[in-house]
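Each chain, written out:
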Amino acid sequence: MRRVPRRWLRTAAGLVVGAGTAVGHVGYLVGAGLCLLPVLAFPRARRAVRRPLDAGARRLAAAELRRLARFTDGFGPPPSPGPAERSLAYLVARWPLGLLGALVLLSVLIGVVYGSALVWAWWVLAPIEQPFAFVTSCVGGLFLLFLAGQAVFSVAELEVRLARRSLGPGEQEALRRRIEELASSRAGVVTAVHDERRRIERDLHDGVQQRLVALGMLLGRARRAANADPGGADPGRELLAQAHEQARQALTELREVAWRVYPTALDDAGLHAALETVVERSGLPVRLDYRLATRPEPDVAAVAYFVVCEAVTNAVKHSGARAVSVRLAEDGPGPDPDHEPGRATARSITVRVRDDGAGGADPAGAGLLGLARRAAALDGRLLVDSPVGGPTTITAELPCA
């Protein structure tokens, strides 16, 4: 409840300031018209006169935006006033609202005087010759005070709407900004996912993997000690041998899982070194053709790596292929697809994985669908060409910027 009077007083103070600036705007507009009138027929002189007038209109509009941000709730930080034409149009449309605000505040004062007369007029104006008319005037004053008090917020809301409509971004600009925000947030999600993968890999490497290493070492020592004792029980030595082998296999599998989650070589040595490790670990002959002149950004490198890793894994497990080829190439800037002069498309990376297997890969499968979403998160795309009988070609086009 305490916030309402404070908000009303602040809004009313904003209308008082706005009424003063409205008078100044009228003077500015009249003066600008008188300055432009003699030079309307002379384009060069008109441009010379308009230059300072436009700058003045922008400054006045910016001052109005700061006033609204200071005295009006919910307006937020003041936006840029924009082009001079929009600022001038805003000043032309805004000064009547400023005068309306002054009229509303004057009505508030009149309502206060008449409404409070019930308290003080009995002693100041006594005796009152027409009590009924006096009481009626006081009640009307209270009613005027109520209406004018509510009108303070209404006029402030009209000012905010006029400012947003006149100086705020247009529909196309708002859509463009929204698209940029969505693209930025989507790229942020990809970065967050990669950061989480890095954290999981570090936890596996520094926690569970180290414990398995220690367990394997202890089992190895126990096994050597048992073998050194000829009188030891054969079943005990056999159990130690099986436990040692299981610990070794668990450590190997854990390292494979950690590598699939996020390879440390991708951050330490770069994409080329990480892909060479994929080639070495593959159960098939893989020919790597790496033609990137520069090191790609971390998010792009991560998506390219997982595309190659998933495609090679699918070829090994499901396609029955005998060989796989991986090619990474960098596409330079090209002409703009909208045929706008002076523009060029962003540089991109093309990742192509081809195997000679049986084909029939399903683009809607969990693995390939996940890769397609990763590429789309960077404004790229994933293409799958896998006719029955083969070959299968998976192509990812990833923009670098």
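Above this note sits the structure.
A brief report on the enclosed structure follows.

Parameters and conventions
Residues numbered from 1 in each chain as written. Predicted model: local features only at pLDDT ≥ 70, side-chain atom pairs only at ≥ 80, totals over all residues. Heavy atoms only, no water. Core = buried A, V, L, I, M, F, W, Y, C linked by side-chain atoms within 4.5 Å. Buried < 20%, exposed > 50% of the residue type's maximum accessible area, 1.4 Å probe, protein only. Helix = DSSP H or I, 4+ residues; strand = E, 2+ residues; numbered from the N terminus. Contact = heavy atoms within 4.5 Å. Pairing = 2+ DSSP bridges. Right-handed = clockwise from strand over helix to strand, strands pointing away. Phe/Tyr/Trp six-rings, centres within 6.5 Å; stacked < 30°, edge-to-face > 60°. Lys NZ or Arg CZ within 6 Å of the ring centre and 35° of its normal. Expected span 1.5 Å × (residues − 1). Salt bridge = Lys/Arg side-chain N within 4 Å of Asp/Glu carboxyl O.

1. What to know about the nonpolar core
Part 1 of the argument: Among the nonpolar cores identified, the biggest contains 38 residues, and L271, Y305, V308, V324, V326, L328 and V351 are the most heavily contacted of them.
Part 2 of the argument: Broken down by secondary-structure element, the contributors of at least two residues to this core are α8 (271-281), β1 (286-291), α9 (298-319), β2 (324-331), β3 (348-355), α10 (366-377) and β5 (392-399).
Part 3 of the argument: The residues touching V326, leaving out its near neighbours within four places in the chain, are V286, R287, L288, D289, V308, V312, R352 and V353.
Part 4 of the argument: Formed by 13 residues, the second largest nonpolar core is a distinct cluster that contains Y28, A57, Y90 and L167.

2. Let's talk about the pairing of β2
Regular strands place side chains that alternate from one sheet face to the opposite one.
Part 1 of the argument: Summarising the sheet, β1 and β2 pair through six bridges and their orientation is parallel. Residue pairing in the sheet places R291 in a bridge with A329 of β2.
Part 2 of the argument: Handedness of the crossover is the feature at issue here: the chain leaves β1, passes through α9, returns alongside β2, and the resulting connection is left-handed.
Part 3 of the argument: As paired strands, β2 and β3 are joined by eight bridges and run antiparallel to one another. When the sheet's bridge partners are listed, L328 is paired in β3 with V351.

3. As for the packing of aromatic side chains
Part 1 of the argument: By the definition in use, this model includes one aromatic pair.
Part 2 of the argument: Relative to F306, the ring of Y305 lies with its centre 5.2 Å away and its plane at 75 degrees, an arrangement referred to as edge-to-face. Note on accessibility: Y305 and F306 belong to one class, buried.
Part 3 of the argument: Sitting over the ring of F71, R70 keeps its end group 5.7 Å from the ring centre.

4. Description of helix α1 (residues 3-36)
Part 1 of the argument: Across its 34 residues, α1 extends 47 Å between first and last C-alpha, which sits within 8% of the 50 Å expected from 1.5 Å per residue.
Part 2 of the argument: When α1 is considered as a whole, its buried residues turn out to be T11, A12, G14, L15, G18, A19, A22, H25, Y28 and A32.

5. Comments concerning the pattern of salt bridges
Part 1 of the argument: Tallying each qualifying case throughout the model produces eleven salt bridges.
Part 2 of the argument: Among the ionic pairs, R67 bridges to E159, the shortest N-O distance being 2.8 Å. Of the two residues, R67 is situated in helix α2 (residues 43-71) and E159 in helix α4 (residues 131-167); the sequence distance between them amounts to 92 residues.
Part 3 of the argument: Assessed through its relative accessible area of 8%, R67 is described here as buried.

By themselves these figures say nothing about function.
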